[in-house]
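Summary of the model geometry
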Amino acid sequence: MKHLLSLLFLFIASAIHAEDGSQLWLRYGTNAKSATVIANTASPTIAIATDELRQHFRGATVSLLKDRALQPEAFAVNTADGKVTITAGDDFGLLYGTYELLRQQETGGVHNLQTAPKYPLRVLNHWDNLDLSVERGYAGKSIWRWEEIDGQNGTMSEWMQQRVRQYCRANASIGINGSVLNNVNASPNILTTDYLMKVKVLADAFRPYGIRVYLSINFASPMVLGATTTADPLDSSVAKWWCAKADEIYQLIPDFGGFLVKANSEGQPGPGDYHRTHADGANMLAAALKPHKGIVMWRSFVYGANHKGEDRVMQAVSEFKPMDGKFADNVILQSKNGPLDFQPREPYAPIFDNIKKTPQMAELQITQEYLGQSLHLVYLAPMWKEFFSFVSPDLLKGIAGVANIGDTDGWCGHPFSQANWYAFGRLAWNPDMTSEAIANEWLQQTFTGEKAFIEAMGEVMMSSREACVDYMMPLGLHHIFKFDHHYGPEPDGFKAEYPIEWCPVYYHKADKDGVGFERTTKGTGATKQYRQPYSKIYDSLETCPEEYLLWFHHVAWDFKMKNGKTLWQNLQVHYDRGVSEVARYCDVWQQMRPYVDAARWQHVADLLDTQLDNAREWRNVCLNYFGSFAGK
Ligand code: GCW
């Protein structure tokens, strides 16, 4: 009997400790004492805050005080004599303050804090298709199971209810306040009444958590849906259709956020199909949304249309600079952090230097399309902070992040990829936070507060992006990925039937003399798009930072670099270092076994083995290939 009991105990203990990552960073302790919560206001949002505190806060009393004198969403935490007061300008601020208090409890102790979000727009971009596939998604299928949403009755399946609730809690806990539900390569069908009624069900569920719904739209929607014979933005039937559509949406969803648009890019329709400008297109949509206070987020990720043949990284500036000042005031230009496409390292996108009169927001990619997808441990906060070191956060009106969320139990595929979702939200709230601080608090909440674990894994996370750059494409190399899926290396990639801008050989230009893309004034002149001093610094081989060397310069194989070694030798050094870093992560993780539940420990251990194999493959393929030019 005794034996049986202890077996049972063991079974229960291991069941408790087995974790699938579905709790994300919201693994609050279970020993809450049921705090007393007093609020001077009532709403569904306050009910959520109260519930979270009662279930998870281990202090005695919390007061939630709405003070309309404060700015919306901002809040303060004050603690005195064992009593905590959260003061905020609105109910959402009180909810954010609630999650902050719980975070403090899990990460070292409750303390006073006053904070306001840097941006009013902190938005996830889901690249989810209506057929439930996710473009560049590596964590299963879409969490928006449209079939399981009943738009007529306003209900969702059990699975959807739980998933959506956890999604909202997670986002609210890090201050994300917007969600674009569908892929920028958008199906017109999302705007049919059937889908809009389903969207309304989601919007209703998101609302108490302070999350607004936005939709990506297909520019040709009225025509594809059969309502008009053209999608010309200056045609009155088209403008009228969009106005009526906006009215319909706001009838259903009064706080609808607005539209995100990818137009005349990679085969998507747009105003250019009718010889109209991006401003013509954006302003037509903006006019439809304006009476409802909606916005248009218009993407600048446009190439190959009007500027065919021009260096791809220059095309956004060429296209949008002449249009600056011509956009309606509820249009925001949304640009990727780099001028090419979410590479492991790019110099910042010079569009942020060139647009002066149009509000801008940055688009970061949380999903690791080009950084090992959901199989590599790569912490992205240092990459985003690098971007902010060139583009002042003050310049922006908002931040968008391409989500890495899918319907797998653990949400993001790799347990450590959750950190990138978390870091995105934290930085969108406060871009001054350090990557270390974010990693630290994420590790504590997601795994354990043990110092040895936090220090070791904090270091691994912090160095992981540089390691990825080293084993994939160091010294400014870029886009040498395999075609289409962008996972492994294919430096010799060339397909005559593809646009040249999709071919790796276009980007590295290796020959017997050297390697790299001459983008200086001696080449394409891309350096001229940058503000000073960067324009000058990048233009000269002597002053160009070595991490951007082959991005801006075609460099001789035996060029002497700062450490006295040649370019070719340095390439080897970087590739080797990338591989040895991942080997080191594998060793570190072996020592982390005592701190992590068996399920997650094994999952990460297996993934790190894959990452090490992949890193070796990258090094071997790239050094073999480039070595054949370098004569090595
Ligand atoms: O990076 C590329 C991706 C495409 C994506 C496109 C974009 C949504 O490979 O899958 O399409 O960028 O950002 O529009």
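Keep in mind that this is a model prediction, so the values were computed, not measured.

To continue, consider the pairing of strand β4 (residues 83–88). Of all six residues in β4, five are buried, a share of seventy percent or more. Bridging between strand β2 (residues 61–66) and β4 involves six bridges; their strand directions are parallel. Paired with Thr61 across the two strands is Lys83, which belongs to β4. Here strand β3 (residues 75–80) pairs with β4 via six bridges, running antiparallel. Counted as the bridge partner of Thr79 is Val84 from β4.

What follows concerns the pattern of salt bridges. Summed over the entire model, instances satisfying the criterion amount to 35 salt bridges. Put simply, Glu19, Arg27, Asp597 and Arg600 are held in one network by salt bridges that share partners.

With that out of the way, let us pick up empty space enclosed by the protein. Sizing a probe to match a water molecule and rolling it over the atoms shows the empty space that remains. Per the stated rule, a full pass over the model turns up four cavities of 30 Å³ or more. For the largest cavity, the calculated volume is near 160 Å³. Together, 16 residues line the largest cavity, and Ser300, Phe301, Ala316, Gly338 and Pro339 are the ones closest to its centre. Mapped onto the lining of the largest cavity, the elements with two or more residues apiece are α9 (315–320) and β13 (331–336). Of the residues assigned to the lining of the largest cavity, the class counts are 11 nonpolar, three polar and two charged. The calculated volume of the second largest cavity comes to roughly 90 Å³. Asn337, Gln343, Arg345, Glu346, Pro347, Tyr348, Met383, Glu386, Phe387, Phe390, Arg465 and Tyr548 are the residues that line the second largest cavity. No other element matches helix α11 (residues 381–390), which puts four residues into the lining of the second largest cavity. By residue class, the composition of the lining of the second largest cavity is six nonpolar, two polar and four charged.

Of note, the bond from Gln532 into Pro533 is cis; its omega dihedral lies within 30 degrees of zero at 5°. Topologically, Pro533 is positioned in the loop between β16 (514–515) and α16 (534–539).

Here Gln373 lies in the loop between β14 (360–365) and α11. Overall, Gln373 belongs to the buried group, its relative accessible area being 10%. Excluding anything up to four places from it in sequence, Gln373 contacts Tyr138, Gln368, His485, His486 and Tyr487.

To continue, consider the confidence of the model for the chain. Taken residue by residue, the chain gives an average pLDDT of 95. The fraction at 70 or more is 97%. In the model, residues 5–16 has pLDDT below 50 throughout and makes zero contacts with residues more than four positions away in sequence or in other chains.

A rise of 1.5 Å per residue sets the reference length of helix α5 (residues 193–206), with its 14 residues, at 20 Å; its end C-alpha atoms lie 20 Å apart and thus fit the reference within 8%. Those residues of α5 lying buried are Leu196, Lys198, Val199, Val201, Leu202, Ala203 and Phe206. Elements in contact with the buried residues of α5: β7 (149–150), β8 (155–156), α4 (158–173), β9 (178–180), β10 (212–217) and α7 (236–252).

Turning our attention to the layout of surface pockets. One number sums up the size of the largest pocket: a volume of about 620 Å³. As for the largest pocket, its lining consists of 27 residues, of which Pro120, Leu121, Asn177, Arg212 and Tyr214 are closest to the centre. Put simply, the parts of the chain that give the lining of the largest pocket at least two residues each are β10 and β13. When its residues are assigned to classes, the lining of the largest pocket shows 12 nonpolar, six polar and nine charged. One number sums up the size of the second largest pocket: a volume of about 410 Å³. When residues of the lining of the second largest pocket are traced back to their parent elements, those giving at least two are α2 (44–56), α4 and α13 (435–446). Among the elements that take part in the lining of the second largest pocket, α2 stands out by supplying five residues, more than any other. For the lining of the second largest pocket, the residue count by class is five nonpolar, nine polar and seven charged.

This next bit is on the nonpolar core. Judged by nonpolar contacts, the single largest core of 199 residues is most densely connected at Trp298, Trp421, Trp589 and Phe626. Top element by residues in this core is helix α19 (residues 598–630). It accounts for 12 residues. In contact with Trp589, other than residues within four places in its own chain, are Phe416, Phe447, Phe453, Met457, Val596, Arg600, Trp601, Val604, Ala605 and Leu608.

Criteria and thresholds
- Residues numbered from 1 in each chain as written.
- Predicted model: local features only at pLDDT ≥ 70, side-chain atom pairs only at ≥ 80, totals over all residues.
- Heavy atoms only, no water.
- Buried < 20%, exposed > 50% of the residue type's maximum accessible area, 1.4 Å probe, protein only.
- Helix = DSSP H or I, 4+ residues; strand = E, 2+ residues; numbered from the N terminus.
- Pairing = 2+ DSSP bridges.
- Salt bridge = Lys/Arg side-chain N within 4 Å of Asp/Glu carboxyl O.
- 1 Å grid on protein atoms, 1.4 Å probe; cavity = no way out; pocket = protein on both sides within 12 Å on 5 of 7 lines; lining within 4 Å.
- Points joined across faces, edges and corners; volume = space filled by probe spheres on them.
- Nonpolar A, V, L, I, M, F, W, Y, C, P; charged D, E, K, R; others polar.
- Contact = heavy atoms within 4.5 Å.
- pLDDT = per-residue confidence, 0-100.
- Expected span 1.5 Å × (residues − 1).
- Core = buried A, V, L, I, M, F, W, Y, C linked by side-chain atoms within 4.5 Å.

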